[in-house]
Structures are given as C-alpha cells and as structure tokens.
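The residues making up each chain are set out below.
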Amino acid sequence: MSSKVITLNNGHKMPVVGLGTYKSSPGVVRQAIIDAIEAGYRHFDCAWFYGNETEIGDALREIISSGKVKREDLFITSKLWNNFHRKEKVVLMLKETLSYLKLDYIDLFLVHWPFAFKENGPLWPITEGADAYSDTDYLETWEGMEECVKKGYAKSIGISNFNSEQIDRLLKYCKIKPAVNQVEANPNLNQKKLTKFCKEREIVITAYCPLGRVGEAAERGFPTPTVLDPKVAEIGEKYNKTPAQVVLNYLISLGMVVIPKSVTKSRIIENINVFDFQLNPEELAYLDSCNKDSRVCSLDMFQDHKYYPFNLEF
Ligand SMILES: NC(=O)C1=CN([C@@H]2O[C@H](COP(=O)(O)OP(=O)(O)OC[C@H]3O[C@@H](n4cnc5c(N)ncnc54)[C@H](OP(=O)(O)O)[C@@H]3O)[C@@H](O)[C@H]2O)C=CC1
Ligand SMILES: O=C1CO[C@H](CO)[C@@H](O)[C@@H]1O
C-alpha cells in the first residue's frame with residue numbers, strides 16, 4: 001500500500017499520509033522509519049524541536065544508500081522552532097536541521113508556531129512566561145523562510161498553528177505563498193472552517209494529532225479521542241477497518257493530509273491502509289457530530305503572547 005498524493009500550490013506533490021515523529025525516541029525512531037518505508041510511507045514529519053532528527057537522518061541515509069528508495073521519492077518536512085524567528089536565524093537553523101537529517105534539501109519547511117521566544121532563552125518557557133517571549137513578527141520570519149527556497153534548501157515553505165487572520169496578514173505580505181498550514185485536526189476538532197478558508201487560498205491543511213494523541217490522552221487529561229468511541233469501532237467493523245483507519249479516512253475525505261505518529265510496526269502499517277473504503281453519508285455525519293472544538297495542543301500557557309493563535313474561532 002502506498003499513499004495518494006496531493007498537489008501543492010507550487011505544483012509539488014505531497015503524500016496524503018505521512019509518519020509523525022514527535023516523541024518517537026531516538027532509540028526507536030530508526031526502526032519506525034524503516035518499517036514505514038516498507039509499509040509504503042514516503043512522507044515523514046519532523047521538527048528541530050523533537051530532538052530526534054539525527055537518528056531520523058541516520059535511517060534516511062541507510063535507506064537511500066541501500067538503493068531501496070531514491071531521495072526524490074521522499075517527502076521530508078521539518079519546522080523552525082520558536083526561539084529562532086529572526087530573519088537572519090532562519091537559514092542557519094534549516095542548515096542545522098539538514099545536517100542532522102543528512103540531506104541537501106527538505107521538501108517542506110514550516111514555521112512551527114506564529115509566536116516567538118527569546119533566542120537565548122528556554123525552548124519551552126512554561127515557568128518564565130512573558131519574560132521569555134520575543135515579539136519578532138512572523139512576517140520577518142517569513143522573509144527568512146523565502147530565503148530557504150531561494151537558496152534551494154527547501155522546495156516548499158509553509159506555516160503551522162496559524163489562524164485565519166495571521167494567514168491573511170501573511171498572504172498580503174509574502175512573495176512566496178505558504179503551501180501548507182499544519183494544524184491539529186481530528187473528529188473532536190474537525191477544522192472545517194479553517195480548511196475551507198485555506199482551500200480558498202490554495203493552502204493545504206495537514207492534520208496533526210489526527211488520532212487525538214490516544215496513547216497519552218487519559219493520563220494527560222486530553223479530550224477523549226474519537227478512536228476510543230465504540231460507535232467508531234462499529235463503523236470500522238463494517239469495512240473490516242480499525243477505529244484509527246476510520247478516523248484517518250474521515251480526515252482525508254475532508255481534504256487533509258494526515259501524519260499519525262507510531263513506533264509500532266503493526267500500527268504503522270494500519271495507518272497507511274486507509275484508501276480502500278469510503279464512509280457513507282450517515283457515517284460521515286456521525287463523525288461530523290463528534291466535533292467539540294477541543295484541543296490537545298492548546299498551549300494556553302502562552303495565550304498572553306501577542307501572536308498566540310487560538311483566541312479566534314479559527
Ligand atoms: N505542528 C505542530 O505543532 C505539531 C505537530 N505534530 C506532528 O503530528 C504528529 C502526530 O501527532 P501526535 O501528537 O504524535 O499524535 P497522534 O494523534 O498521531 O497519536 C500518536 C499516538 O497514537 C498511538 N497510535 C498510533 N497509531 C495508532 C493506532 N492505529 N491505534 C491506536 N493507537 C495508535 C501512538 O502509539 P505508538 O507510537 O506507541 O504506536 C501514539 O501514542 C506528531 O508526531 C508530529 O509529527 C504534533 C503536534 C503538534
Ligand atoms: O510539534 C509539537 C508537538 O507537540 C507539542 C505539544 O505537546 C507542541 O508544542 C509542538 O508544536
């Protein structure tokens with residue numbers, strides 16, 4: 001099984017299913033990437049912030065040098081972390097990511113969040129609060145992102161966790177349009193309004209936390225993931241599919257790219273086998289009815305930041 005692809009606003013093609021890598025520990029991520037390649041994945045979602053790009057790079061080098069897959073058949077995403085939003089920092093940070101990933105270019109580079117933190121401050125300033133914020137404007141950051149394309153280090157650039165106002169402000173300013181907005185999306189937060197808004201502007205939505213981060217939801221008090229809903233399991237049984245496959249198929253039917261994370265071989269295989277069934281209108285309506293606009297990644301500890309994105313409806 002391999003993934004379908006979607007065409008971005010610059011003509012580049014992006015596989016509709018990718019493997020998430022947040023919290024895929026350095027010791028296990030190599031095997032997860034190898035298992036994913038075997039299962040048909042060609043799209044990998046990475047980030048400097050995840051602290052595992054070196055090991056992902058080792059796996060990619062191994063796979064490419066074995067001849068199993070060519071570099072040009074892969075779609076690799078990474079993201080610029082919040083401490084490095086100054087224009088001069090952006091290319092330098094991408095070059096650091098490229099050295100970890102052992103690649104000459106990535107396919108997609110995203111601004112991870114619209115808000116910035118001080119350059120020499122903590123990466124995750126939950127105790128320092130506003131003292132650790134920087135008011136570097138994401139429009140300045142975007143100039144650095146455009147430099148990454150001009151220098152050939154990124155084929156496409158995009159944003160993550162941007163709201164509709166931030167997107168329109170960026171669109172008025174940019175020379176290169178963002179190709180993608182990566183945001184949380186799952187049946188609890190189906191992002192229909194933001195998806196429509198982005199589609200009208202030729203921006204593809206990538207759904208992160210598509211499974212509602214099910215592995216840690218109960219213990220961390222996240223909204224109960226829809227993959228645990230018995231009704232979703234019942235829908236899946238009809239097609240001989242698991243709840244995760246139903247949810248991923250639903251998000252893809254809404255026009256999104258999905259990047260489920262797993263380090264478990266059977267689930268890695270399961271999460272890409274989502275293209276051979278179609279939910280009927282009643283089943284789609286049930287999944288629509290699960291929407292509560294509730295987030296796993298609200299990051300509300302940063303809600304007093306000038307560029308915090310979730311104080312708007314979408
Ligand atoms: N741009 C941003 O700000 C953000 C981006 N992301 C990206 O999105 C990716 C996905 O989101 P993430 O937060 O990881 O959460 P997900 O919704 O992908 O959930 C991951 C959890 O689900 C489990 N899981 C995976 N497949 C199945 C399955 N078929 N059945 C049951 N459980 C399953 C995994 O367990 P196991 O691994 O043990 O199999 C893991 O515990 C991230 O890894 C990251 O790449 C995420 C958050 C924010
Ligand atoms: O990519 C990410 C993974 O999840 C984190 C929160 O748990 C986010 O802050 C971050 O954007």
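Placed above this text is the structure.
Residues numbered from 1 in each chain as written. Chains lettered and ligands numbered in written order. Predicted model: local features only at pLDDT ≥ 70, side-chain atom pairs only at ≥ 80, totals over all residues. Heavy atoms only, no water.

A. Here's a closer look at the overall build of the protein. Secondary structure assignment for the protein yields 11 helices and 12 strands. Radius of gyration (C-alpha) of the protein: 19 Å, near the 20 Å computed for a compact globule of 314 residues. Viewed in the frame of its principal axes, the protein has a C-alpha envelope of about 55 × 45 × 40 Å. For the protein, the residues scored as buried account for 56% of the 314 residues in total. Contacts in the protein between residues far apart in sequence, at least 24 positions, make up 76% of those at least 6 positions apart. Of the roughly 13500 Å² that the protein leaves accessible, carbon and sulfur atoms contribute 50%. In the protein, 39 positive and 41 negative side-chain charges are present, and the distance between their average locations comes to 4 Å. (Helix = DSSP H or I, 4+ residues; strand = E, 2+ residues; numbered from the N terminus. Rg over C-alpha atoms; globule rule 2.2 N^0.38 Å. Buried < 20%, exposed > 50% of the residue type's maximum accessible area, 1.4 Å probe, protein only. Contact = heavy atoms within 4.5 Å. Areas by Shrake-Rupley, 256 points an atom, 1.4 Å probe, with all protein chains shown as cover. Lys, Arg positive; Asp, Glu negative; His and termini not counted. Charge placed at Lys NZ, Arg CZ, Asp CG, Glu CD.)

B. Representation of the site of ligand 2 in the model. Around ligand 2 lies a shell formed by Tyr22, Tyr50, His112, Trp113, Trp124, Arg213, Cys297 and Leu299. One of the side-chain N or O atoms of Tyr50 is found 2.5 Å from an oxygen atom in ligand 2. Taking Trp113, its side chain carries an N or O atom lying 2.8 Å from an oxygen atom of ligand 2. Summarising the interface, the protein chains cover 90% of the accessible area of ligand 2, which totals 290 Å² for the free molecule. Looking at the shell around ligand 2 residue by residue, the class counts come to 6 nonpolar, 1 polar and 1 charged. (Near = heavy atom within 4 Å. Polar contact = N/O pair within 3.5 Å; in protein donor to acceptor, adjacent residues only side chain to side chain. Nonpolar A, V, L, I, M, F, W, Y, C, P; charged D, E, K, R; others polar.)

C. Spotlight on the site of ligand 1. As a structural note, the neighbourhood of ligand 1 is formed by 29 residues, with Asp45, Arg213, Lys261, Ser262 and Thr264 the closest of them. Val263 has a polar backbone atom sitting 3.0 Å from an oxygen atom of ligand 1. The separation between an oxygen atom of ligand 1 and a polar side-chain atom of Arg267 is 2.8 Å. In isolation ligand 1 exposes 900 Å². Once the protein is present, 89% of that is buried.

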